[in-house]
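Read off the chains here:
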Amino acid sequence: MEFLQPEDWGEALEARAAYPGALPLWGGTDVMVELNFDKARPPAILDLTAVPELAAIERENGAIRIGSGVPYTRVIEELQDVLPALAQASRTVGSPQIRNRGTIGGNLGTASPAGDAHPPLLAAGATVEVASARATRSIAAHEFFEGPGRSKLRPDELVTAVTVPTAGRQEQFAKIGTRNAMVIAVCSFAVRVDRERGRVGTGIGSAGPTPLRAAEAEAFVEGLMAADEPIDAAARKRFGQLVSQAARPIDDHRGTADYRRHALGVLATRTLAWACG
Ligand SMILES: Cc1cc2nc3c(=O)[nH]c(=O)nc-3n(C[C@H](O)[C@H](O)[C@H](O)COP(=O)(O)OP(=O)(O)OC[C@H]3O[C@@H](n4cnc5c(N)ncnc54)[C@H](O)[C@@H]3O)c2cc1C
């Protein structure tokens, strides 16, 4: 197996174009599991860890641009004040070792419906920046995923960064697992309430073939805010119902579809109360 280690972004994109079968790698916390269990045998590994551009966190006008090689530990340490839901989600990922190695870009690359970074990115209206040697394009996070393990990323593209708006930072993330740590989500949910702009964002994890938004639930709370009506207990309950209706869960070894719908309703009701509290 060939091992490619570009030292800057230009070299990385050239290598991606020249070796379309090469498997990109940053933290390796998904890739190495695939290799060790013989689920993947790529002709080459494209190690991106020597590309400094991908490890940058930049504060832009009203948004944070997080390089695809930024690990969860840095999100927790450096971004908890500005992106609290993404930091909360990052805290629930794996163990300290996994959080030190695992990255937001790798989570997007794996495109698991259970990826913990995804619900807060959807709720915040984030965009995923991808690039090839030919062009760069931006994809709304809620349109990035196409199915379990599938995304809009083309074979000649790499994930460069994700840009997350910081406006309306009343946001929360919650996750249910079969134990308290080192656990893949049975389901998860993130909400962002931006009272200034009258906007609400949602992200459902592990309850559909891709991470999902609950558009009706968002519109319901936006309508209340526009009419200056309170987001009281009845409204929060209705929000929870609309979120659980938006889910498309399956029965699997981690939980039943019924349980996931129920749990999402509870998570949505609670996180909305916390976000508005
Ligand atoms: C013990 C354990 C516990 C875990 N717990 C959790 C958890 O609680 N929650 C959770 O969400 N995940 C969990 N994971 C999965 C994993 O840690 C995450 O998905 C992590 O974000 C992957 O990041 P990485 O940098 O290690 O990715 P890698 O393994 O390096 O890559 C993952 C995928 O993304 C692709 N990729 C990486 N970088 C790029 C790029 N720049 N452009 C294009 N493609 C790219 C790779 O080719 C590969 O397909 C766990 C894994 C382990 C082993």
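Quick caveat: nothing in here was measured; it's all calculated off a predicted structure.

This part takes up unusual backbone geometry. Positive phi values are uncommon outside glycine, yet D38 reaches one of about 60°. Within the secondary structure, D38 sits in the loop between α2 (31-36) and β3 (44-47). You can call D38 exposed: its relative accessible area is 56%. Even without a glycine there, the phi angle at S206 is positive, about 60°.

Next up on the list: the sheet that holds strand β1 (residues 2-4). Reading across the sheet, the three strands line up as β1-β3-β2 and stay open at both edges, with parallel pairing between neighbours. Of all the strands in the sheet, just β1 and β2 (23-25) have a single pairing partner and so form its edges. Within the sheet, the average angular offset between the axes of one strand and its neighbour, ignoring direction, is 25°. In terms of strand pairing, β2 meets β3 through three bridges, oriented parallel. When the sheet's bridge partners are listed, L25 is paired in β3 with D47.

Take the site of the ligand next. Near the ligand, the surroundings consist of 32 residues, among which P24, T29, D30, Y72 and T103 are the closest. Contacts to the ligand include W26, whose backbone N or O atom sits 2.8 Å from an oxygen atom. A distance of 2.7 Å separates a nitrogen atom of the ligand from a polar atom in the side chain of D116. The set of elements that each furnish at least two residues to the shell around the ligand consists of β2, α2, α5 (96-101), α6 (104-110) and β10 (158-165). Top contributing element to the shell around the ligand by residue count: α6, with four residues. Considering only residue class, the shell around the ligand consists of 15 nonpolar, 13 polar and four charged.

Ordered by their spatial adjacency, five strands build an open sheet running β4-β5-β10-β6-β7, and the pairing between neighbours is antiparallel. Only two strands of the sheet have a single neighbouring strand rather than two, namely β4 (57-60) and β7 (136-140). Sheet twist, expressed as the average angle between the axes of neighbouring strands with direction ignored, equals 25°. Each of β6 (127-131) and β10 is contacted by helix α1 (residues 9-18), which is oriented at about 125° to β10, the strand it contacts most. Sheet strands touched by helix α3 (residues 72-79): β4 and β5 (63-67). Its angle to β4, the strand with the most contacts, is close to 40°.

Conventions we followed
- Residues numbered from 1 in each chain as written.
- Predicted model: local features only at pLDDT ≥ 70, side-chain atom pairs only at ≥ 80, totals over all residues.
- Heavy atoms only, no water.
- Helix = DSSP H or I, 4+ residues; strand = E, 2+ residues; numbered from the N terminus.
- Buried < 20%, exposed > 50% of the residue type's maximum accessible area, 1.4 Å probe, protein only.
- Pairing = 2+ DSSP bridges.
- Axes fitted to C-alpha atoms, helices over the stretch in contact; angles between N-to-C directions.
- Near = heavy atom within 4 Å.
- Polar contact = N/O pair within 3.5 Å; in protein donor to acceptor, adjacent residues only side chain to side chain.
- Nonpolar A, V, L, I, M, F, W, Y, C, P; charged D, E, K, R; others polar.
- Contact = heavy atoms within 4.5 Å.

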